[in-house]
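Residue-level listing of the chains:
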Amino acid sequence: QVQLVESGGGLVQAGGSLRLSCAASRRTLNPYHVAWFRQAPGKEREFVADIRWIGSTSSYHDSVKGRFTISRDNIKNTAYLQMNSLKPEDTAVYYCAAGRGGGTDYKIYNYWGQGTQVTVSS
């Protein structure tokens, strides 16, 4: 199976930046899609961004367009989420996920990491 481990979360002031990493246990994530979701306490899991591993086509939730960038490194077998201009409403546990398809529905992803906390102070 695919094992995913997130890292890079932490506490940052509004307007700051963080880069999240999602390391996979296998040599390659081809032909998977990799996505980032987030979930705040008491709220539903929300789509953030996804990327097709081969070809690197990507999509974003409207709330993060222009601020977040999803990418991947084939050599390190790792996906990233670069988060700039962070806002307090970005505070959540961020999860990476992998599946044979992509999209905004969390139910289509088969593999999940344990999550990493991102807290943005005002």
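This text goes with the structure placed above it.
What you see is a predicted model, and the numbers here were worked out from it, not measured in a lab.

A. Main features of the overall build of the protein. Assigned secondary structure in the protein consists of zero helices and 11 strands. When the helices and strands of the protein are read in sequence order from the N terminus, they spell out β-β-β-β-β-β-β-β-β-β-β. A compact globule built from 122 residues should have a C-alpha radius of gyration of about 14 Å, and the protein, at 13 Å, falls within 12% of that. The principal-axis extent of the C-alpha atoms belonging to the protein is close to 40 × 30 × 25 Å. For the protein, buried positions account for 41% of its 122 residues. By sequence separation, contacts in the protein at least 24 residues apart represent 56% of the contacts at least 6 residues apart. Just so you have it, the protein exposes about 6400 Å², and 46% of that area is on carbon and sulfur atoms. A gap of 8 Å separates the mean positions of the 14 positive and 9 negative side-chain charges of the protein.

B. Main features of the nonpolar core. W36, V48, F68, L81, M83 and Y94 are the most contacted members of the largest nonpolar core, which totals 29 residues. Those elements that provide at least two residues to this core are strand 3 (18-24), strand 4 (33-39), strand 5 (46-52), strand 7 (68-73), strand 8 (78-83), strand 9 (92-99) and strand 11 (116-121). In this structure, A35, F37, F47 and Y109 belong to the second largest nonpolar core, which totals five residues.

C. Fine view of the pairing of strand 1 (residues 4-7). Here strand 1 shows a clear split, with L4 and E6 buried on one side and none of V5 and S7 buried on the other. Pairing geometry for strand 1 and strand 3, over four bridges, is antiparallel. Across the sheet, residue L4 finds its bridge partner in strand 3, namely A24.

D. Region of interest: the packing of aromatic side chains. Taken as a whole and assessed by the stated rule, the structure comprises six aromatic pairs. An angle of 80 degrees between the planes, with centres 6.0 Å apart, marks the rings of Y32 and Y111 as edge-to-face. You can see Y32 sitting in the loop between strand 3 and strand 4 and its partner Y111 sitting in strand 10 (residues 111-112), a full 79 residues away along the chain. With 5.3 Å between their ring centres and 50 degrees between their planes, F37 and W112 make a pair best called tilted. Of this pair, F37 sits in strand 4 while W112 is found in strand 10, placing the two residues 75 residues apart along the sequence. Residue W112 is classed as partly exposed on the basis of its relative accessible area of 25%. An aromatic cluster of three or more residues is present, and its members are F37, F47, Y95, Y109 and W112.

E. Broad picture of the environment of S122. Note that S122 resides in the segment after strand 11. For S122, a relative accessible area of 88% gives the class exposed. Distance in space between the C-alpha atoms of S122 and L86 is 9.8 Å, their sequence separation being 36 residues. Aside from chain neighbours lying at most four places away, what touches S122 is A14 and P88.

Conventions used here
Note on numbering: residues in each chain are counted from 1, in written sequence order. Reporting of local features is limited, given that this is a predicted model, to residues whose pLDDT is at least 70; pairs of side-chain atoms are given and counted only at 80 or more, and all residues count toward the totals for whole chains, interfaces and linings. Only hydrogens and water are removed before side-chain values are computed, so all heavy atoms of the structure are retained for them. Numbering of helices and strands starts at the N terminus; helices are DSSP runs of H or I of at least 4 residues and strands are runs of E of at least 2. In this description the radius of gyration comes from C-alpha coordinates, and the expected globular size is given by 2.2 Å times residues to the power 0.38. Relative accessible area decides the class of each residue, using a 1.4 Å probe on protein chains only: under 20% of the type maximum gives buried, over 50% gives exposed, and in between gives partly exposed. By the convention used here, residues are in contact when the closest approach between their heavy atoms is within 4.5 Å. Here the Shrake-Rupley method, with its probe set to 1.4 Å, supplies the accessible areas, and only the displayed protein chains count as covering residues. Note that His is not counted, nor are the chain ends; the positive residues are Lys and Arg, and the negative ones are Asp and Glu. To locate a charge, the coordinates of NZ of Lys, CZ of Arg, CG of Asp or CD of Glu are taken. Remark: nonpolar core denotes a set of buried residues (Ala, Val, Leu, Ile, Met, Phe, Trp, Tyr, Cys) joined through side-chain atoms within 4.5 Å. Two strands qualify as a pair provided DSSP detects at least 2 bridges between them. We call Phe, Tyr and Trp rings a pair once their centres come within 6.5 Å, taking the six-membered ring for Trp, and we label the pair stacked below 30 degrees between planes, edge-to-face above 60, and tilted otherwise.

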